[in-house]
Amino acid sequence: MGQLTRRQFLKITATTFGAAGAAQFLPGTGGLPLGVAAPAATSGATTVVPTFCEMCFWKCSGLAHVRDGRLWKFEGNPLDPQSRGRLCPRGTGSVGAVYDPDRLRQPLIRTGERGKEQWKTATWEEALDHIAAKMKKIAAEHGPESIALFSHGTGGGLIRQATRAFGCVNQTLPSFAQCKGPRDVGWELTIGSGLGSPEPVDIVNTDCLVLIGSHLGENMHNTQVQEFAEIVGRRAPVIVVDPRFSVAASKAKYWLPIKPGTDTALVLAWMNVLVTENRYDRAFVEKYGHGFDKFVAAIKDNTPEWAAAETGLDPALIRASAREFSSHGPRVIVHPGRRTNWYGDDAQRSRAIALLNMLLGNYGRRGGFYLATNVAIPAYPKPKPPAIARGRADNPDKRYPFADEVEGLTTGVRAATITGKPYPIKGWLVYGTDLMQNLPNIAETRAAIDKLDLLVVIDTLPSDIAGYADVVLPESVFFERHDDLFSGWGRQGWITLRQPVVKPPHDQKPGWWIAKQLADRLGVGESAPWGNFEEYLAWRAEKAGLSFDELKKNGVVMGPKTPVFVEDGAKLEFTTESGKVEFYSDHLEKLGFDPVPKYTPQEAGPPGALRLLTGRAPMHTFSRTQSNPFLADLMPTNEAWVHPDVAKQAGLVNGAKVKLRNQDGVETDPVRVKVTQRIRSDCVYMVYGFGHENPMLKGAYHRGASVARLTTRYKVDPLMGGTSLNSNFVTLVKGA
Ligand SMILES: Nc1nc2c(c(=O)[nH]1)N[C@H]1C(S)=C(S)[C@@H](COP(=O)(O)OP(=O)(O)OC[C@H]3O[C@@H](n4cnc5c(=O)[nH]c(N)nc54)[C@H](O)[C@@H]3O)O[C@H]1N2
Ligand SMILES: Nc1nc2c(c(=O)[nH]1)N[C@H]1C(S)=C(S)[C@@H](COP(=O)(O)OP(=O)(O)OC[C@H]3O[C@@H](n4cnc5c(=O)[nH]c(N)nc54)[C@H](O)[C@@H]3O)O[C@H]1N2
Ligand code: SF4
Ligand SMILES: [Mo]
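Residues numbered from 1 in each chain as written. Chains lettered and ligands numbered in written order. Predicted model: local features only at pLDDT ≥ 70, side-chain atom pairs only at ≥ 80, totals over all residues. Heavy atoms only, no water.

### What about the pairing of strand β3 (residues 70-76)?
So, point 1. Pairing of strand β2 (residues 61-67) with β3, which is carried by six bridges, proceeds in the antiparallel orientation. When the sheet's bridge partners are listed, Arg-67 is paired in β3 with Arg-70.
So, point 2. The hairpin turn running from β2 into β3, its antiparallel successor, is two residues long, and Asp-68 in that turn takes a positive phi close to 50°. (Pairing = 2+ DSSP bridges. Helix = DSSP H or I, 4+ residues; strand = E, 2+ residues; numbered from the N terminus.)

Given below as structure tokens:
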């Protein structure tokens, strides 16, 4: 790998932060892309309404400014611990979600062949009656378990509740099998509980931060990015492990340009250094550890020299970085990561990362991990959901013993739909998730859809999955609706309210209303027991001991302060089988899995092919923002990052257009190459979420290359059923 000069380095950081920073001025400065109906500037009075953001799932609260009935700007709520008074570029650009000309406007019912995009518009009455009749028919023929729900996002909760009351047990979220499931399972097996969201990392107080993949600064999880900027400002050492010179790497003391897929080898070697050089927290391990001697024996051969051959990293760099971060214990964090579905052995890699943190004794310590707390909100009284006649279909015989029963396995439901086993799945309800963009292997998703009698999509935009729906229901965007109360986990708990700021421009409706209408039609109206939704929210707020008026006025109400660090009197408890930190897991051993994580090499790709890696850009979220006029203006398309050696060999110059072809012959739309020293020469990197295929999404249709389309191959994590997303290889096809 070539070394970057200081000049190149400065250029990189200026570009990156320039792009992110620009968003903060968008809505107010008239810097609007052509063709966008901007909120007209008037001298009218501005009203300010607090609500919380749904551009991603971090749940920052903000203040919406409205003039003459139009949303003018959205800025951070200073009372909010998540935003700390500042939003990320997507939050600021969320105004564009309201004025996106591609929004779904009224319910649609399919008239032609599925996927051919022939629709008639319908009233809500017609659309909901149609859905309820179909659902009842499927339930009568196959049982209500044969209707599955895929959801993501705040509004999905009440639809989950209503459909569960009807007997739909196969409910899933992509946040488990495609996102943070392996991490939570890895930590649960180690300390007895997963980490949840937000990750309880005390970045602001840390003296050293280690990032394995986690690309903070491009991954814009607001609070963490702000705290990260603060520690960079006070020059706390940062260590970044990434095959790509990420924005975070540009701030690092050590960048470890690891060979993709070999992180477990690195983490084992780091632990080996800590143990052999006596650089771990002995008192913590003696007090809280289980099976430490067996753990030490298991990793004794995992020296930096051994790991060097796997990871491509210099053993001296492995040692030096281990010495650096361990010298700061316990005020050090090895970030647990979030999207950890990389290679199919991810729960074990995450467990290794959990063990490394435990060696540093940073759990419950200031500058390490805080013990997150929240405020409980009592549930509104409702009847118990019916007993389940048949178990879930997504994980037959508990094939994946650590799959989550609440979040479920998206790809497990898909497999059951294709095979009809353990029983047929005949209906899919899809709320706020684009299964064509976020699941690996689109052909399997299409094969599953072919088996369905009913596919309903509830979305704000004509997503790719909406193109295959039988019925599309347009939800209002978050600025236009109430959602259920949200109680956040943090150093101090807080409750935040989503409330309408402006009116929906067409015939869009909020999720709570859709849930109620559906529940009534399915004969389970008591599962959506509100008349006036605001009364329901007020009831819950008051039961939680809050003033609903205060919540409406301020947007955020903080819970009580309790100790979250051992230093302040918090107690450490580990809810594993042994009641301790499981350096050696008897539970895993009993089930036939490795009791201490082991490294297994990934298969190499076809000769000459590059491994496809993916991640985020600061101004986009998944596949949901590409048509947002403000955000598209900042980044209209993605590009394929390649190393200069790769470009030279392929005869490509920076900015040349190529198609990417994967190992199964699947090709993308043309995309420009970004020739850069910032990536290893054995991989290519693209931001995920581009290359939309629904022609109704005019602002993003065929713009950029779809990572999802190239993700045909995936491995399944044997512990928890998560699907790997970094298992594909591509070649560059010139002359596109
Ligand atoms: N702007 C923005 N921010 C977001 C989101 C968004 O859509 N947009 N989504 C949010 C969500 S839901 C999630 S889950 C998070 C995801 O954010 P992260 O958890 O940070 O993301 P990953 O996709 O796991 O990691 C991407 C990084 O890993 C590197 N990488 C790829 N392969 C390897 C490897 O083998 N080893 C190592 N060490 N690194 C590797 C890539 O080069 C890239 O820098 O982001 C959140 N934040
Ligand atoms: N190839 C690849 N696949 C991935 C990832 C990756 O990095 N690469 N990342 C994975 C990760 S970490 C995650 S968390 C998942 C994310 O997966 P998803 O959360 O499903 O993300 P999107 O694909 O953006 O789909 C979101 C859909 O919700 C719609 N939507 C947005 N707001 C609302 C709303 O208020 N109401 C309703 N009803 N709909 C709304 C959007 O228009 C969009 O169609 O993807 C996973 N899949
Ligand atoms: S991190 Fe950004 S997009 Fe996500 S909730 Fe916060 S402001 Fe909104
Ligand atoms: Mo995610």
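Past the structure itself, the notes keep going.
### Describing the confidence of the model for the protein chain
So, point 1. Considering every residue of the protein chain, the mean pLDDT works out to 93; 94% of them sit at 70 or more.
So, point 2. Mean pLDDT across the secondary structure elements of the protein chain bottoms out at helix α2 (residues 26-29), with 32, and peaks at strand β12 (residues 332-334), with 99. (pLDDT = per-residue confidence, 0-100.)

### Thoughts on helix α15 (residues 410-419)
So, point 1. Burial analysis of α15 places seven of its ten residues in the buried class, which makes it a mostly covered element.
So, point 2. Here α15 has its buried residues at Thr-410, Thr-411, Gly-412, Val-413, Arg-414, Ala-416 and Thr-417.
So, point 3. Directly beyond the C-terminal end of α15, a positive phi value near 75° is found at Gly-420. (Buried < 20%, exposed > 50% of the residue type's maximum accessible area, 1.4 Å probe, protein only.)

### A closer look at the sheet that holds strand β15 (residues 471-474)
So, point 1. Strand order across the open sheet formed by seven strands is β5-β4-β15-β14-β13-β6-β7, with mixed pairing between neighbours. Both outer strands of the open sheet, β5 (119-121) and β7 (171-172), are each paired with one neighbouring strand and no more.
So, point 2. Direction of pairing for strand β4 (residues 108-110) relative to β15: antiparallel, over a ladder of two bridges. In the strand pairing of β15, Leu-108 is matched with Val-472.
So, point 3. Against the sheet, helix α6 (residues 156-165) makes contact with β6 (147-151), β7, β13 (427-431) and β14 (454-459), and its axis sits at roughly 170° relative to β6, the strand it touches most. (Contact = heavy atoms within 4.5 Å. Axes fitted to C-alpha atoms, helices over the stretch in contact; angles between N-to-C directions.)

### Describing the sheet that holds strand β18 (residues 556-558)
So, point 1. Sheet architecture is open: three strands sit in the order β16-β17-β18, paired in antiparallel fashion. With partners counted over all chains shown, the strands left at the sheet margins are β16 (486-488) and β18, one partner each. Neighbour-to-neighbour, the strand axes of this sheet turn through a mean angle of 20°, independent of strand direction.
So, point 2. For strand β17 (residues 494-496) and β18, the ladder comprises three bridges, and the chain directions are antiparallel. By the bridge assignment for β18, Trp-494 is matched with Met-558.

### Looking at the packing of aromatic side chains
So, point 1. In total, this model carries 30 aromatic pairs according to the counting rule given.
So, point 2. Geometrically, the ring pair formed by Trp-512 and Phe-533 is stacked, given 4.8 Å between the ring centres and 5° between the ring planes. In this pair, Trp-512 is assigned in helix α18 (residues 511-521) and Phe-533 in helix α19 (residues 533-543), connecting sequence segments 21 residues apart. In this pair, the class of Trp-512 matches that of Phe-533, namely buried.
So, point 3. Members of the aromatic cluster, connected to one another through ring pairs, are Trp-187, Phe-284, Tyr-288, Tyr-363, Phe-369 and Phe-574. (Phe/Tyr/Trp six-rings, centres within 6.5 Å; stacked < 30°, edge-to-face > 60°.)

### Re the site of ligand 3
So, point 1. In the region of ligand 3, the neighbouring residues are Cys-53, Met-55, Cys-56, Trp-58, Lys-59, Cys-60, Leu-87, Cys-88, Arg-90, Gly-91, Met-220 and Asn-222.
So, point 2. Among the detected pockets, ligand 3 sits in the largest cavity.
So, point 3. For the shell around ligand 3, the per-class residue count stands at eight nonpolar, two polar and two charged. (Near = heavy atom within 4 Å. 1 Å grid on protein atoms, 1.4 Å probe; cavity = no way out; pocket = protein on both sides within 12 Å on 5 of 7 lines; lining within 4 Å. Sits in = over half its atoms within 2 Å of the grid points. Nonpolar A, V, L, I, M, F, W, Y, C, P; charged D, E, K, R; others polar.)

### Some points on the environment of Arg-680
So, point 1. For Arg-680, the position within the fold is in the loop between β23 (671-675) and β24 (683-687).
So, point 2. On the accessibility criterion, Arg-680 (12% relative accessible area) is buried.
So, point 3. Arg-680 sits 38 residues away from Val-642 along the chain, and the two C-alpha atoms are 7.8 Å apart.
So, point 4. Polar contacts involving the side chain of Arg-680 include one to the main-chain carbonyl oxygen of Pro-257, which spans 2.9 Å.
So, point 5. There is a polar contact of 2.8 Å between the side chain of Arg-680 and the side chain of Asp-682. (Polar contact = N/O pair within 3.5 Å; in protein donor to acceptor, adjacent residues only side chain to side chain.)

### A word on the domain arrangement of the protein chain
So, point 1. What the domain assignment reports for the protein chain is domain 1 (8-99 + 480-507 + 530-564), domain 2 (105-172 + 408-475 + 510-520), domain 3 (178-372 + 568-590) and domain 4 (610-733).
So, point 2. Placing a centre on the C-alpha atoms of domain 2 and another on those of domain 3 gives a separation of 39 Å. (Domains from an automatic or database assignment.)

### A look at the site of ligand 1
So, point 1. Ligand 1 sits among 32 residues. The nearest are Asp-242, Asp-263, Arg-339, Tyr-343 and His-620.
So, point 2. Interatomic distance of 3.3 Å between a side-chain N/O atom of Arg-90 and a nitrogen atom of ligand 1.
So, point 3. In this structure, an oxygen atom belonging to ligand 1 sits 2.9 Å away from a main-chain N or O atom of Gly-261.
So, point 4. Burial of ligand 1 by the protein chains amounts to 98% of its free accessible area of 920 Å².
So, point 5. Here the shell around ligand 1 is built from residues that sort into 14 nonpolar, ten polar and eight charged. (Areas by Shrake-Rupley, 256 points an atom, 1.4 Å probe, with all protein chains shown as cover.)

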